[in-house]
Amino acid sequence: MATMESLIVTVNRIQRACTVLGDHGGDTALPTLWEALPSVVVVGGQSSGKSSVLESIVGRDFLPRGSGIVTRRPLVLQLHKIEQGVQEYAEFLHLPKKKFTDFAMVRKEIQDETDRITGKSKQISPVPIHLSIYSPNVVNLTLIDLPGLTKVAVEGQPESIVQDIETMVRSYVEKPNCIILAITPANQDIATSDAMKLSREVDPSGERTFGVLTKLDLMDKGTNAVDVLEGRAYPLQHPWVGIVNRSQADINKNVDMIAARRREREFFATSPDYGHLASKMGSEYLAKLLSKHLESVIRARLPGITSLINKSIDELEAELSHLGRPVAVDAGAQLYTILELCRAFDKIFKEHLEGGRPGGDRIYGVFDHQLPAALRKLPFDRHLSLQNIRKVVSEADGYQPHLIAPEQGYRRLIDGALHYFRGPAEASVDAVHFLLKELVRRSIAETQELKRFPTLQAEIAAAANEALERFREESKKTTLRLVEMESSYLTVDFFRKLPQEVEKGGNPNSVSADRYVEGHFRRIGSNVSSYVGMVSETLRNTIPKAVVYCQVREAKQSLLNHFYILLGKKEAKQLAQLLDEDPALMERRLQCAKRLELYKSARDEIDSVSWAR
Ligand SMILES: Nc1nc2c(ncn2[C@@H]2O[C@H](COP(=O)(O)OP(=O)(O)OP(=O)(O)O)[C@@H](O)[C@H]2O)c(=O)[nH]1
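Attention in this report is confined to the structure presented alongside it. Note on numbering: residues in each chain are counted from 1, in written sequence order. For this predicted model, a pLDDT threshold of at least 70 governs which residues receive local features, and a threshold of 80 or more governs which side-chain atom pairs are given and counted, while totals over whole chains, interfaces and linings are taken from all residues. Side-chain metrics in this entry use all non-hydrogen atoms of the structure; hydrogen atoms and water are not considered.

1. Some thoughts on the site of the ligand
Next, step 1: Only heavy atoms are used to decide nearness, and a residue is near a molecule or strand if one of them lies within 4 Å of it. Close to the ligand lie 19 residues, the nearest being Ser 51, Ser 52, Asp 217, Asn 245 and Gln 248.
Next, step 2: Think of a polar contact as two N or O atoms within 3.5 Å of one another; within protein, one of them needs to be a possible hydrogen donor and the other a possible acceptor, and neighboring residues in sequence only count if both atoms come from side chains. Taking Ser 48, its main chain carries an N or O atom lying 3.0 Å from an oxygen atom of the ligand.
Next, step 3: At a separation of 2.9 Å, an oxygen atom of the ligand approaches a polar backbone atom of Arg 246.
Next, step 4: For the ligand, the accessible surface in isolation is 640 Å², of which the surrounding protein chains cover 91%.
Next, step 5: Put simply, the parts of the chain that give the shell around the ligand at least two residues each are helix 2 (50-58) and helix 7 (248-252).
Next, step 6: Only Asp, Glu, Lys and Arg are considered charged, only Ala, Val, Leu, Ile, Met, Phe, Trp, Tyr, Cys and Pro nonpolar, and every remaining residue, Gly among them, polar. Taken together, the residues of the shell around the ligand break down into four nonpolar, eleven polar and four charged.
Next, step 7: Taken together, domain 1 (49-168) and domain 2 (176-281) each give at least three residues to the shell around the ligand, which thus spans both. Using a 1.4 Å probe, the Shrake-Rupley method yields the accessible areas, and only the shown protein chains count as cover for residues. Runs of H or I in DSSP of at least four residues are treated as helices and runs of E of at least two as strands, each being numbered from the N terminus. By convention here, the domain bounds are inherited from an automatic or database domain assignment.

Below, the structure is given as structure tokens:
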């Protein structure tokens with residue numbers, strides 16, 4: 001088993017890495033490690049003695065003092081124990097090369113660094129300041145100091161500050177990994193303590209709350225806090241710790257920390273009320289208690305943290321590979337990338353047409369269903385009504401009625417009927433065109449690799465649609481030509497049979513007599529109708545062939561050919577423009593990469609502790 005000290009050091013290092021790589025929790029778009037790490041958070045109302053407790057745990061004066069809200073950014077304070085006799089020093093994460101040995105300068109730097117983010121306007125910010133203190137007089141511990149809870153905004157502060165502070169404090173103490181150091185002054189009614197109120201809310205069972213009672217020396221004469229300290233008045237899972245910090249007068253007199261600690265020890269040792277509790281009171285005891293607890297919490301959490309790290313590494317790596325590599329810079333590589341992307345799109349498009357992906361079957365639907373239905377709906381009944389036949393035939397005959405069969409009348413009736421086939425022919429071309437367009441749209445959307453390049457995506461879509469438009473024109477010409485071919489030369493065989501049928505009627509004289517009666521026109525109508533039916537059957541088969549030949553086959557073979565030619569003529573700059581990535585995506589890749597780096601270094605940290613076992 002790794003030593004407890006090394007465990008805390010590990011967590012300290014990971015916490016620092018979190019800040020360097022921008023993980024302070026609260027960002028739901030990326031996995032966070034920060035929130036999984038255990039920490040001790042100091043919570044209390046203003047002037048409850050938070051700074052004093054922190055300073056006496058450290059044994060140094062280094063926190064800013066003043067009226068109003070002094071702590072305006074979270075201060076992550078990492079204490080590192082070093083060998084006796086070594087000079088103690090402090091280091092800020094934002095000033096990595098600078099060792100502070102003068103703690104008055106530390107205080108100044110905290111103030112300056114606070115202002116750097118929040119301005120001098122007494123605003124607050126959730127971005128933490130990281131401070132490490134290396135000293136022989138501390139225990140390994142990470143403490144987070146937060147702005148004091150307050151009930152009123154002071155001059156120059158927005159009204160919202162009261163709520164903002166509570167929200168910030170709450171965001172820390174809510175986390176199940178947070179150990180709450182709830183500071184309450186003993187000279188106030190504990191029932192109204194801000195710290196206790198909040199910790200009760202977020203930790204009702206009291207298992208992560210350490211109750212700290214400050215200002216025991218300031219209690220009214222004749223009263224004491226034994227009921228609280230012995231855990232009767234406000235029971236928590238952990239023992240209450242009483243503290244006596246330096247008074248304002250002590251501070252003014254520059255009473256040093258070591259002397260203050262000695263005075264605190266004496267206070268408890270000689271107190272008639274607390275003498276029996278002396279060994280479990282005071283800031284030194286509190287520091288040890290916290291360190292021990294933090295160790296056990298880390299030990300319990302380590303397996304969970306390790307599996308969280310591994311899971312997040314997998315997720316981030318998957319996302320990064322999904323986002324793709326950053327774009328190449330030279331023109332050749334760029335052209336290659338563009339062609340690869342086009343091919344990826346084209347492959348998906350083909351899969352839609354040929355099966356494997358849905359959509360191509362709908363083209364068959366046009367031929368099998370829409371086209372036959374449209375052919376059936378053509379208004380031949382009207383065109384071949386007795387009235388119209390009579391009219392067309394008579395007009396074709398002119399002043400001389402036909403003698404045997406109305407050749408001209410037949411031709412005009414057939415021509416008129418065949419004209420109607422143009423509609424379904426064009427409609428089939430358009431229907432397939434729209435299906436192809438839809439498949440292009442879907443294929444673009446399904447080409448994951450293209451997602452990062454909105455410009456190229458739009459260009460490919462435009463090029464594909466232009467090509468489809470050209471195919472449509474060609475297809476229209478071809479199908480209409482099929483219809484025209486039917487009118488330009490009629491199937492002779494069909495008509496050869498007709499005079500025989502007339503002769504079957506018997507007496508040829510009666511034929512001319514029939515010529516103007518209904519039966520004669522009805523026969524003409526039925527002859528034309530069956531001829532048109534025959535043509536309809538032919539077109540039902542040939543239109544799909546033309547459409548597939550001109551549109552589907554072309555789309556499959558040469559959808560982007562024209563685009564490729566244009567690409568070949570582009571200059572480096574234009575190619576780069578095509579690969580102009582979505583900035584949001586570039587940012588996301590950067591963020592993911594940074595977070596991945598954090599998780600990997602965290603994994604290494606933990607591994608190195610495990611090896612030390
Ligand atoms: N006599 C006595 N005075 C104390 C004790 N603890 C704190 N004080 C005094 O109470 C005042 C406030 O203490 P701080 O430690 O600054 O309190 P804080 O909670 O950090 O206050 P803010 O940073 O303003 O929110 C200071 O004047 C301290 O000297 C104590 O145990 N005994």
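2. What about the pattern of salt bridges?
Next, step 1: The working definition used for a salt bridge is a side-chain nitrogen of Lys or Arg within 4 Å of a carboxyl oxygen of Asp or Glu. Summed over all chains, the structure comprises 33 salt bridges.
Next, step 2: Here Glu 351 and Lys 347 are joined by a salt bridge, their closest N and O atoms 3.3 Å apart. Of this pair, Glu 351 and Lys 347 both sit in helix 10 (residues 331-354), four residues apart, which is roughly one turn of that helix.
Next, step 3: Think of it in three bands: with a 1.4 Å probe and only protein chains considered, a residue is buried below 20% of the maximum accessible area for its type, exposed above 50%, and partly exposed in between. Classification of Glu 351 by relative accessible area gives partly exposed; the value is 23%.
Next, step 4: Residue Lys 347 is classed as exposed on the basis of its relative accessible area of 55%.
Next, step 5: A salt bridge links Lys 556 to Glu 354; its shortest N-O distance comes to 3.4 Å. Of this pair, Lys 556 sits in helix 19 (residues 518-558) while Glu 354 sits in helix 10; the two residues are 202 residues apart in sequence, bridging distant segments of the chain.

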